[in-house]
Amino acid sequence: MAADNSFDIVSKVDMQEVNNAINQAQKEIDTRFDFKNSKSSIALEKEEIALVSDDEFKMQNVVDILQSKLTKRGISIKNLEYGKVEPASGATVRQKIKLKQGISQEISKKINTIIKDSKLKVQTQIQGDQIRVSGKSRDDLQRVIHLLKEAELPIELQFLNFR
């Protein structure tokens, strides 16, 4: 049995869960007393979340509500990239939050370095926005997963197709 075992490292956000979290956050904003007569709203636009609120203080509250709903639905806040709070029409402010999908080249190189420095007998192969790790020992592959979970990376990683 000389077949290699492998798994893929990816960074994806479940868009259905994001949509559900946004709907829950919007419902909470609509029913909360401190947002009464407020122009606060949250909307999903492709790969971005658009927030609108009356002022920066309320905007921060909207972000907090959204973050709590995303966390409850199992979506990591590491995969959010916050834009600047900008003035908008009608005496409101807006902010765009970009959802990070896939692993960028610089993070891929960092992950490769972490794996190589561990001296485990595995090979890594960058395949676009994901990384395939293969090796003879399943224990080595599980050590790599544990190592990457412990590492302080700026994105949330998922490990798929373990075989």
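Structure's up top.
Now for a look at the structure at hand.

Quick word on the sheet that holds strand 8 (residues 130-135)
Reasoning step 1: Here four strands make up an open sheet; going across it, the order is 7-8-1-9 and the pairing antiparallel. One side of each edge strand has no neighbouring strand; the edge strands of this open sheet are strand 7 (122-127) and strand 9 (158-160). Shown here is a sheet whose adjacent strand axes are inclined to one another by a mean of 25°, direction ignored.
Reasoning step 2: Strand direction decides the pairing type here: strand 1 (residues 5-10) and strand 9, joined by three bridges, are antiparallel. Bridge pairing in strand 9 places Ile9 opposite Phe159.
Reasoning step 3: Helix 3 (residues 105-117) rests against strand 1, strand 7 and strand 8 of the sheet, and its axis sits at about 175° to strand 7.
Reasoning step 4: Against the sheet, helix 4 (residues 138-150) makes contact with strand 1, strand 7, strand 8 and strand 9, and its axis sits at roughly 15° relative to strand 1, the strand it touches most.

Re the nonpolar core
Nonpolar side chains in soluble globular proteins tend to end up buried together.
Reasoning step 1: One finds Val18, Ile42, Ile49, Leu51, Leu66 and Leu70 to be the most contacted residues of the largest nonpolar core, which totals 21 residues.
Reasoning step 2: Put simply, the parts of the chain that give this core at least two residues each are helix 1 (15-31), strand 3 (48-53), helix 2 (56-72) and strand 6 (92-99).
Reasoning step 3: The element best represented in this core is helix 2, accounting for six residues.
Reasoning step 4: By size, the runner-up hydrophobic cluster in this structure holds 17 residues, among which are Ile145, Leu153, Ile155 and Leu157.

A few points about the pairing of strand 2 (residues 41-45)
The side chains of a regular strand alternate, first on one face of the sheet and then on the other.
Reasoning step 1: Two strands pair when backbone bridges link them, and strand 2 and strand 3 are joined in this way by five bridges, in the antiparallel orientation. Its bridge partner being in strand 3, Leu44 is matched across the sheet by Ile49.
Reasoning step 2: The hairpin turn running from strand 2 into strand 3, its antiparallel successor, is two residues long, and Lys46 in that turn takes a positive phi close to 55°.

Digging into the environment of Ala88
Reasoning step 1: Assignment of secondary structure puts Ala88 in strand 5 (residues 86-88).
Reasoning step 2: Residues Ala88 and Ser53, spaced 35 residues apart in sequence, show a C-alpha to C-alpha distance of 9.2 Å.
Reasoning step 3: Setting aside its immediate chain neighbours within four residues, Ala88 contacts Val93 and Arg94.

Some points on the packing of aromatic side chains
Reasoning step 1: Applying the stated rule across the entire model yields one aromatic pair.
Reasoning step 2: Consider the rings of Phe7 and Phe159, whose centres lie 5.9 Å apart with planes at 70°: the pair is edge-to-face. Of the two residues, Phe7 sits in strand 1 while Phe159 sits in strand 9, which places them 152 residues apart along the sequence.
Reasoning step 3: When its relative accessible area of 21% is taken as the criterion, Phe159 is described as partly exposed.

Analysis parameters
Residues numbered from 1 in each chain as written. Predicted model: local features only at pLDDT ≥ 70, side-chain atom pairs only at ≥ 80, totals over all residues. Heavy atoms only, no water. Pairing = 2+ DSSP bridges. Helix = DSSP H or I, 4+ residues; strand = E, 2+ residues; numbered from the N terminus. Axes fitted to C-alpha atoms, helices over the stretch in contact; angles between N-to-C directions. Contact = heavy atoms within 4.5 Å. Core = buried A, V, L, I, M, F, W, Y, C linked by side-chain atoms within 4.5 Å. Buried < 20%, exposed > 50% of the residue type's maximum accessible area, 1.4 Å probe, protein only. Phe/Tyr/Trp six-rings, centres within 6.5 Å; stacked < 30°, edge-to-face > 60°.

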